[in-house]
Structure formats: structure tokens, C-alpha cells
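In case you want the letters, here they are:
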Amino acid sequence: MAAATVPSPLALRIVAECPVTKARACDLALPHWTVSTPVFMPVGTQGTLKGITADQLESLGCQICLGNTYHLGMRPGPDLIERANGLHGFMNWKRNLLTDSGGFQMVSLVELSEVTEEGVKFKSPYDGKEILLSPEKSISIQNSLGSDIMMQLDDVVSSTVKGPRVEEAMHRSIRWLDRCIAANKHPDRQNLFAIIQGGLDAQLRKACLNEMTQRDVPGFAIGGLSGGEEKDDFWRMVTLSTDYLPREKPRYLMGVGYAVDLVVCVALGCDMFDCVFPTRTARFGSALVPWGSLQVKQKQYAKDFQPIDPDCQCPTCKRHSRAYLHALFKSDTAAMHHVTIHNISYQLTLMRSVRQSIVDGRFPEFIRTFMKRMFPSPDQYPGWAMEALASVNVALD
Ligand SMILES: [Zn+2]
């Protein structure tokens, strides 16, 4: 693999399209690296990947990871990071970075936040001062961080909220997108992605898609999902979005990271995913495996000398047994790191296998094998997944 230098900040080349589903395999050329999609992007900074180094992420084959604008914007602050040659220099990470707008963290982490047309107002959890995160401010921080992909500030409402607030947030997100586009100081080297909103209302989603796809942005995210809504609503909004998104631009489904969801949403036409779940669950001793998950802390593994997954090629599985990790969890935080490495490796390996099957023209077969392995019997297949897959011509037996 060679680092790609591209004249424009983003180029998407479709390598293969599944003839049955809406899945596609692409090469996404970004300023620091060419990313093979479909791709899962781990969260690479501030807390979530505690103790995992840029080197380790790289050796797991990670081509793009996330940085948290909210955390980095507060501490150590955008000025310091800019002086360190951006977040790439600060982290010593040579591949791509995607930064979020900071808005989501504010709404979810900070209790006292207020959304006005100007932006999101909140009290700093560090010193109690009132801070306004406007679209311009969010882009200014992300310009300082120097990420390859920046996310627009959007007006986030929980996916379970209904009524006029959802419509208001959708229209405001469109206005904020225009302000973000105007505020981007580095359109030649930093890609700004729009975020499709509209809650669980098909008409609002379509209206948002129609407006946002008229803007000249390098890529689109599907936002406002994965927040506790019914899975049945979730997949319908995903597939509606990919139906209207332009074929020649990347599609990023935000906040999705369960293996089944990833496989189904690739079939529905999504290219990029992120989620804190795989790393968060690792810290509780939950290792992701092709048959679901393995709880390392459970007694039954105390004398089990197999690796977490005998077929896994990650450094943890090559070196350590379930029994060792079980014992380590009682005394040492290193156990969390070992399971975190395994879980990131699981996600990245899963997506590589998905991609290979699309390239080889056997993705529907891959899905059937994957589901058989994940669930002890077909009557345990989730109904929503079966329906979603049926909508793209894949029948599970
Ligand atoms: Zn492993």
C-alpha cells in the first residue's frame, strides 16, 4: 500500500458494485491515504482508544480514524494542535482523520445546551463559562485540527423525538451547512461532509436529501439515526437515503458499529461507518467474535487456553489465551487494551471480508454465511435484518 497524493482533496473510484444488493466497494482517495471501502472507522482520540497507539492502529490496517472535535477543542485546544501541525502531527498519525462537528457531544454530554439559529450554546464542563459553538466556530476548530474529512455542524435531535422540532432541525441543518461551506478555509485540502437529517419522517428526509445534494460537497453522512429508534424505522431511513444520494460520492452512516448492522447497511449502499461500541464494550471484557461476543470475565474462561477467536490474526489472539485475559482483567487495565485491539481488528477484518466478497461478486453468499455463523438458528435472525435484506433481493434461508 502506498500513500496517495491527490490534487483534489477527495476522489471516489467505484471498484465493484454488487449485482444483487446496493453494496459497492470503492477506493476513496483522501489527502493522507487511499481508503478501501466499505470501511469502519475507529474513534482514535481522547479516551475511547485508551492506550492504543497510532502505530498499533496502523499495524491493524486502519486507514482512517476519528478525532473528537469537542474534546480536542476544549483540551488541549485548537491553537496548540495547530502548532503541532494539526491533529496528524499531534497524534503522529500519518493516515486519514475524520473530525466530527462537536455538536453531537455537546447535546449528548452537556446537560445545559441550548440551540438557537446562531449555534449551540453550552456551559463548559471545565470552567463553567458559556460557550457558543456556531457552524463557523466548528469549522474553524476543524480547520485547525487539519482533518481530511470535517463534518458540518448540524442541529441534532434524538431519533425518538417527533413533531415540529424535527422539521425545524432539518431546515436549520441545511442553513448551517451553507454557513459551514462558506467558513471552510481549506476546501483544497479538507473535505466537508453534509449530514442528512429529517428524523424518521420519509418526507422530511427526502426534502433534506433534495436540498443538500444540490450543494457541492465532497460527501454525505446519514445522521440522526442509531439513537434508540426502532430498527424497522432505522433501516428504512438508511435505504431511502442511499436511494437519493449521488452514486459518485461517499456515503457515511454515522454511529453504526454492530456487526449485523454493518453487513445489512453495506447491502443498503453505505460506504463508511463509525461507532464507539466495539472499543467501549472491550473495556467491559466483551470480545467481538463471528458468533456474537465472548465475555472474557466469565468463570468458564478461567482455564480456557484457547485464544479469544482461534481464527483471528490479531496480536492479542496470536499471543494470549482466554484464561490469561480472564486473570488479567482482575488486576490490570492492560486486559482492556488487549481486548480493544482484538475488537478493532475484528471490525476492520469484517469490513475487509465484506469488501472482498463484493469485489469477487459473492456478497449475497457472504451475508448468508455470516448470518448462519452469527446466530445459532435461522429463527433467531432479527426480523428487521431479514426484511432489510429482502428489500435488496437477499433471501436468508
Ligand atoms: Zn483477535
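Residues numbered from 1 in each chain as written. Predicted model: local features only at pLDDT ≥ 70, side-chain atom pairs only at ≥ 80, totals over all residues. Heavy atoms only, no water.

Within an unreviewed UniProt entry, the label attached to the chain reads Queuine tRNA-ribosyltransferase catalytic subunit 1, and the organism entered is Nothobranchius furzeri. The chain has a UniProt comment under Catalytic activity (unreviewed entry) that states "guanosine(34) in tRNA + queuine = queuosine(34) in tRNA + guanine". (UniProt positions renumbered as here; feature names shortened; annotations may be inferred.)

Attention now moves to the UniProt feature "binding site: substrate" (unreviewed entry) in the chain. Here, UniProt's "binding site: substrate" (unreviewed entry) annotation points to Asp100, Ser101, Gly102, Gly103, Phe104, Asp154, Gln197 and Gly224. You can see Gly224 is positioned in the loop between β12 (219–222) and α9 (231–244). Residues within four places of Gly224 in sequence aside, it is in contact with Ser159, Gln197 and Arg205. (Helix = DSSP H or I, 4+ residues; strand = E, 2+ residues; numbered from the N terminus. Contact = heavy atoms within 4.5 Å.)

On the basis of which strands lie adjacent, the open sheet formed by eight strands has the order β4-β14-β13-β12-β11-β10-β6-β5 and parallel pairing. The sheet is open, and its two edges are formed by β4 (39–41) and β5 (64–67), each paired on a single side. Adjacent strand axes in the sheet meet at a mean angle of 25 degrees, parallel and antiparallel pairs treated alike. For β5 and strand β6 (residues 96–99), the ladder comprises four bridges, and the chain directions are parallel. Looking across to β6, one finds that Gly67 is bridged to Thr99. Along the sheet face, helix α8 (residues 202–212) touches β11 (191–196) and β12 and points at about 155 degrees away from the line of β11. (Pairing = 2+ DSSP bridges. Axes fitted to C-alpha atoms, helices over the stretch in contact; angles between N-to-C directions.)

Turning next to the packing of aromatic side chains. A complete count under the given rule lists five aromatic pairs for this structure. Ring plane angle 20 degrees and centroid distance 6.3 Å describe the contact between Phe363 and Phe366, whose orientation is recorded as stacked. Of this pair, Phe363 and Phe366 both sit in helix α15 (residues 363–374), three residues apart, which is roughly one turn of that helix. Given the relative accessible area of 15%, Phe366 is considered buried. Between Phe375 and Tyr381, the aromatic rings sit 5.6 Å apart at their centres with planes inclined by 65 degrees, giving edge-to-face as the arrangement. (Phe/Tyr/Trp six-rings, centres within 6.5 Å; stacked < 30°, edge-to-face > 60°. Buried < 20%, exposed > 50% of the residue type's maximum accessible area, 1.4 Å probe, protein only.)

Counting residues in hydrophobic clusters, the biggest one holds 60 residues, and the most contacted among them are Leu253, Phe273, Phe363 and Phe370. Among the elements that line this core, the one with the most residues is helix α10 (residues 259–267), at eight residues. With near-sequence residues (within four places) excluded, Phe363 lies in contact with Cys18, Thr21, Ala23, Val263, Val266, Ala267, Val354, Ser357 and Ile358. Residues Tyr70, Ile139, Ile141 and Leu153 belong to the second largest nonpolar core, which totals 28 residues. (Core = buried A, V, L, I, M, F, W, Y, C linked by side-chain atoms within 4.5 Å.)

In the first shell of the zinc ion, the protein supplies Cys312 (SG), Cys314 (SG), Cys317 (SG) and His342 (ND1), at 2.1 to 2.3 Å from the metal. Seen from the zinc ion, its four donor atoms lie at angles of 100 to 118 degrees, and the figure they make is tetrahedral. Look at where the donors of the zinc ion fall in the sequence and you get C-x1-C-x2-C-x24-H. Judged by its relative accessible area of 13%, Cys312 falls in the buried class. (Donors = N, O, S within 2.8 Å, 3.2 Å for Na, K, Ca; no water. Tetrahedral: all angles 85-135°; square planar, octahedral: opposite > 155°, others 65-115°.)

It is at 9 Å that the axes of α9 and helix α16 (residues 383–391) come closest, and there the two elements cross at 20 degrees. Between α9 and α16, the interaxial angle falls into the category roughly parallel. Judged by the twist between their axes, the crossing of α9 over α16 is right-handed. Residues Lys231, Asp232, Phe234, Trp235 and Arg236 of α9 lie in contact with α16, whose contacting residues are Trp384, Glu387, Ala388 and Ser391. Class assignment for the residues of the contact of α9 with α16 results in four nonpolar, one polar and four charged. (Parallel < 35°, antiparallel > 145°, perpendicular 65-115°, else oblique. Left-handed = near helix turned anticlockwise from the far one by under 90°. Nonpolar A, V, L, I, M, F, W, Y, C, P; charged D, E, K, R; others polar.)

In total, this model carries 21 salt bridges according to the counting rule given. Salt-bridge contacts for Arg165 lead to Glu168; the nearest nitrogen and oxygen are separated by 2.9 Å. Of this pair, Arg165 and Glu168 both sit in helix α7 (residues 164–183), three residues apart, which is roughly one turn of the helix. With relative accessibility at 36%, the residue Glu168 sits in the partly exposed group. One salt-bridge network, held together by shared partners, links Glu117, Asp155, Arg165, Glu168, Arg172 and Arg175. (Salt bridge = Lys/Arg side-chain N within 4 Å of Asp/Glu carboxyl O.)

With that out of the way, let us pick up the environment of Asp233. Position of Asp233 relative to the elements: it lies in helix α9. The spatial distance from the C-alpha of Asp233 to the C-alpha of Leu200 is 6.4 Å, given a sequence separation of 33 residues.

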